[in-house]
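One-letter residues, chain by chain:
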Amino acid sequence: MISYHSSAKSNRQLQRAIRDFLKEAPWHISFGVTLHFKRCLYGIEGASVQTLNPYVATATVTQFLNLLNRQALGSAYVRHGRRLGVISVSEGDGDTGLPLHYHLQIECPRFGLESRMGKMIEHAWARMKWGNEVHTIPYVNDGWTTYITKLRSKLDIGEAIDWENTQLPLLS
(Lines give C-alpha, C1' and ligand atoms only; values in the text may rest on other atoms or scores of the structure.)
Protein backbone atom coordinates (compact mmCIF):
# COMPACT_ATOMS: atom_id res chain seq x y z
CA MET A 1 0.00 0.00 0.00
CA ILE A 2 1.32 3.44 -0.94
CA SER A 3 1.26 6.12 1.74
CA TYR A 4 0.85 9.70 0.58
CA HIS A 5 1.67 11.14 3.98
CA SER A 6 5.16 11.56 5.39
CA SER A 7 6.39 9.19 8.03
CA ALA A 8 6.59 10.58 11.56
CA LYS A 9 10.41 10.66 11.43
CA SER A 10 10.60 12.48 8.09
CA ASN A 11 7.82 14.86 9.23
CA ARG A 12 9.90 15.78 12.31
CA GLN A 13 13.00 16.31 10.15
CA LEU A 14 11.05 18.47 7.74
CA GLN A 15 9.55 20.39 10.66
CA ARG A 16 13.03 21.12 12.03
CA ALA A 17 14.26 22.31 8.61
CA ILE A 18 11.20 24.52 8.07
CA ARG A 19 11.52 26.07 11.53
CA ASP A 20 15.22 26.80 11.00
CA PHE A 21 14.44 28.37 7.61
CA LEU A 22 11.58 30.54 8.90
CA LYS A 23 13.46 31.69 12.00
CA GLU A 24 16.31 33.04 9.84
CA ALA A 25 14.01 35.75 8.48
CA PRO A 26 14.55 39.29 9.87
CA TRP A 27 11.31 39.65 11.86
CA HIS A 28 11.17 42.94 13.75
CA ILE A 29 7.63 43.51 14.97
CA SER A 30 5.10 40.87 14.05
CA PHE A 31 1.62 39.75 14.97
CA GLY A 32 0.40 36.22 15.58
CA VAL A 33 -2.96 35.70 13.90
CA THR A 34 -5.48 32.85 13.92
CA LEU A 35 -8.16 32.98 11.23
CA HIS A 36 -11.35 30.94 11.58
CA PHE A 37 -13.66 30.35 8.63
CA LYS A 38 -17.37 29.89 8.21
CA ARG A 39 -17.96 26.19 7.50
CA CYS A 40 -20.40 26.89 4.69
CA LEU A 41 -22.29 29.71 3.04
CA TYR A 42 -26.05 29.64 2.88
CA GLY A 43 -28.33 30.69 0.06
CA ILE A 44 -32.01 31.46 -0.13
CA GLU A 45 -34.15 29.81 2.56
CA GLY A 46 -31.11 28.45 4.40
CA ALA A 47 -29.98 26.00 1.73
CA SER A 48 -26.22 25.34 1.88
CA VAL A 49 -24.62 26.76 -1.24
CA GLN A 50 -20.93 26.11 -0.74
CA THR A 51 -18.94 24.19 1.83
CA LEU A 52 -15.49 25.29 2.97
CA ASN A 53 -12.58 23.32 1.50
CA PRO A 54 -8.80 23.86 1.46
CA TYR A 55 -8.88 25.61 -1.93
CA VAL A 56 -11.51 28.11 -0.79
CA ALA A 57 -9.54 28.69 2.43
CA THR A 58 -6.30 29.38 0.55
CA ALA A 59 -8.06 31.76 -1.86
CA THR A 60 -9.68 33.58 1.07
CA VAL A 61 -6.34 34.01 2.83
CA THR A 62 -4.84 35.34 -0.42
CA GLN A 63 -7.68 37.87 -0.74
CA PHE A 64 -7.28 38.84 2.94
CA LEU A 65 -3.54 39.39 2.56
CA ASN A 66 -4.01 41.44 -0.62
CA LEU A 67 -6.38 43.75 1.25
CA LEU A 68 -4.09 43.95 4.30
CA ASN A 69 -1.05 44.67 2.08
CA ARG A 70 -2.99 47.48 0.40
CA GLN A 71 -4.02 48.96 3.77
CA ALA A 72 -0.63 48.62 5.51
CA LEU A 73 1.72 49.43 2.62
CA GLY A 74 -0.33 51.67 0.36
CA SER A 75 1.50 52.68 -2.81
CA ALA A 76 4.52 50.51 -1.97
CA TYR A 77 2.23 47.50 -2.50
CA VAL A 78 0.18 48.88 -5.39
CA ARG A 79 2.99 50.42 -7.44
CA HIS A 80 6.08 48.53 -6.37
CA GLY A 81 4.79 45.08 -5.37
CA ARG A 82 6.14 45.25 -1.80
CA ARG A 83 4.42 42.71 0.45
CA LEU A 84 4.17 42.17 4.19
CA GLY A 85 6.26 39.36 5.60
CA VAL A 86 3.90 36.45 6.32
CA ILE A 87 4.14 32.84 7.43
CA SER A 88 0.86 31.11 6.57
CA VAL A 89 0.02 27.67 7.96
CA SER A 90 -3.23 25.72 7.60
CA GLU A 91 -4.42 23.46 10.37
CA GLY A 92 -7.34 21.13 10.90
CA ASP A 93 -9.81 19.54 8.48
CA GLY A 94 -9.54 16.02 7.15
CA ASP A 95 -8.53 13.36 9.65
CA THR A 96 -7.50 15.75 12.44
CA GLY A 97 -10.98 16.37 13.86
CA LEU A 98 -10.41 20.14 14.05
CA PRO A 99 -12.19 22.67 11.85
CA LEU A 100 -9.99 24.15 9.14
CA HIS A 101 -8.28 27.34 10.30
CA TYR A 102 -5.08 29.24 9.60
CA HIS A 103 -2.25 30.50 11.79
CA LEU A 104 -0.19 33.37 10.44
CA GLN A 105 2.74 35.45 11.52
CA ILE A 106 2.35 38.88 9.92
CA GLU A 107 5.03 41.54 9.83
CA CYS A 108 4.23 45.04 11.01
CA PRO A 109 5.97 47.02 8.26
CA ARG A 110 7.03 50.09 10.22
CA PHE A 111 7.35 51.47 13.72
CA GLY A 112 4.35 53.51 14.78
CA LEU A 113 1.90 51.28 12.92
CA GLU A 114 1.88 48.53 15.56
CA SER A 115 -0.81 50.34 17.57
CA ARG A 116 -3.20 50.12 14.58
CA MET A 117 -2.05 46.86 12.99
CA GLY A 118 -4.30 44.59 15.09
CA LYS A 119 -7.39 46.57 14.08
CA MET A 120 -6.30 46.56 10.43
CA ILE A 121 -6.04 42.74 10.56
CA GLU A 122 -9.46 42.41 12.19
CA HIS A 123 -11.07 44.83 9.71
CA ALA A 124 -9.58 43.07 6.67
CA TRP A 125 -10.72 39.63 7.90
CA ALA A 126 -14.23 40.95 8.63
CA ARG A 127 -14.53 41.94 4.95
CA MET A 128 -13.97 38.35 3.77
CA LYS A 129 -17.18 36.47 2.96
CA TRP A 130 -15.68 33.28 4.46
CA GLY A 131 -14.21 35.13 7.46
CA ASN A 132 -15.51 34.20 10.89
CA GLU A 133 -13.43 34.82 14.03
CA VAL A 134 -9.96 36.32 14.13
CA HIS A 135 -7.54 36.36 17.06
CA THR A 136 -4.47 38.59 17.06
CA ILE A 137 -1.46 38.54 19.36
CA PRO A 138 0.91 41.52 19.09
CA TYR A 139 4.69 41.25 19.39
CA VAL A 140 5.17 37.53 18.78
CA ASN A 141 8.60 35.88 18.60
CA ASP A 142 10.14 32.52 17.65
CA GLY A 143 7.77 30.83 20.11
CA TRP A 144 4.85 31.63 17.78
CA THR A 145 6.75 30.17 14.81
CA THR A 146 7.32 27.01 16.85
CA TYR A 147 3.63 26.87 17.78
CA ILE A 148 2.26 27.30 14.26
CA THR A 149 4.62 24.64 12.88
CA LYS A 150 3.65 22.03 15.48
CA LEU A 151 2.93 18.55 14.09
CA ARG A 152 -0.22 17.92 16.10
CA SER A 153 -3.31 18.48 13.94
CA LYS A 154 -1.29 18.38 10.71
CA LEU A 155 -1.03 15.26 8.56
CA ASP A 156 2.01 16.59 6.69
CA ILE A 157 3.91 19.71 7.78
CA GLY A 158 5.20 20.33 4.26
CA GLU A 159 1.66 20.52 2.90
CA ALA A 160 0.39 22.54 5.89
CA ILE A 161 2.66 25.48 5.11
CA ASP A 162 0.75 27.64 2.64
CA TRP A 163 3.76 28.54 0.50
CA GLU A 164 1.54 30.49 -1.89
CA ASN A 165 0.74 32.99 0.88
CA THR A 166 4.08 32.86 2.71
CA GLN A 167 6.43 35.78 2.08
CA LEU A 168 9.42 36.25 4.34
CA PRO A 169 10.17 39.83 5.43
CA LEU A 170 12.82 41.79 3.57
CA LEU A 171 15.97 43.07 5.16
CA SER A 172 15.58 46.73 5.98
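As the structure is a prediction and not an experimental result, all values here were calculated from the model. (Residues numbered from 1 in each chain as written. Predicted model: local features only at pLDDT ≥ 70, side-chain atom pairs only at ≥ 80, totals over all residues. Heavy atoms only, no water.)

**Q** Can you tell me about the environment of N141, naming the residues and giving the values?
**A** Among the structural elements, N141 can be located in the loop between β6 (131-137) and α5 (142-148). In this structure the C-alpha to C-alpha distance between N141 and F31, which are 110 residues apart in sequence, comes to 8.8 Å. Within the local environment of N141, its side chain forms a polar contact with the backbone nitrogen of G143, the two atoms lying 2.8 Å apart. (Helix = DSSP H or I, 4+ residues; strand = E, 2+ residues; numbered from the N terminus. Polar contact = N/O pair within 3.5 Å; in protein donor to acceptor, adjacent residues only side chain to side chain.)

**Q** With reference to specific residues and values, describe the pattern of salt bridges.
**A** For the structure on display, the rule yields 4 salt bridges. Notably, a salt bridge pairs K150 with E91, separated by 2.8 Å at the nearest N-O pair. Placement of K150 in the loop between α5 and α6 (157-160) and of E91 in strand β4 (residues 86-91) is noted, with a sequence separation of 59 residues between them. Exposure class is identical for K150 and E91. Each is buried. Note that K119 and E122 form a salt bridge whose closest N and O atoms lie 3.6 Å from each other. Remark: E122 and K119 occur in helix α4 (residues 114-126); sequence separation between them is 3 residues, near one turn of the helix. Given the relative accessible area of 60%, K119 is considered exposed. (Salt bridge = Lys/Arg side-chain N within 4 Å of Asp/Glu carboxyl O. Buried < 20%, exposed > 50% of the residue type's maximum accessible area, 1.4 Å probe, protein only.)

**Q** Please give an account of the pairing of strand β5 (residues 101-107) that cites residues and values.
**A** Counting buried positions over the 7 residues of β5 gives 7, a clear majority of the element. Side chains of β5 alternate between two faces, with H101, H103, Q105 and E107 and Y102, L104 and I106 buried alike. Pairing geometry for strand β1 (residues 30-37) and β5, over 7 bridges, is antiparallel. Bridge assignment links H36 to a residue of β5, and that residue is H101. Relative to β5, β4 runs antiparallel, the two being bridged by 6 bridges. The residue of β5 that forms the bridge with E91 is H101. (Pairing = 2+ DSSP bridges.)

**Q** An account of the pairing of β1 is needed here, citing residue identities and associated values.
**A** Within β1, 7 of the 8 residues are buried, which leaves the element mostly enclosed by the surrounding structure. Where β1 meets β6, 5 bridges bridge the pair, whose relative direction is antiparallel. Paired with L35 across the bridge in β6 is V134.

Just distances and angles here, no functional claims.
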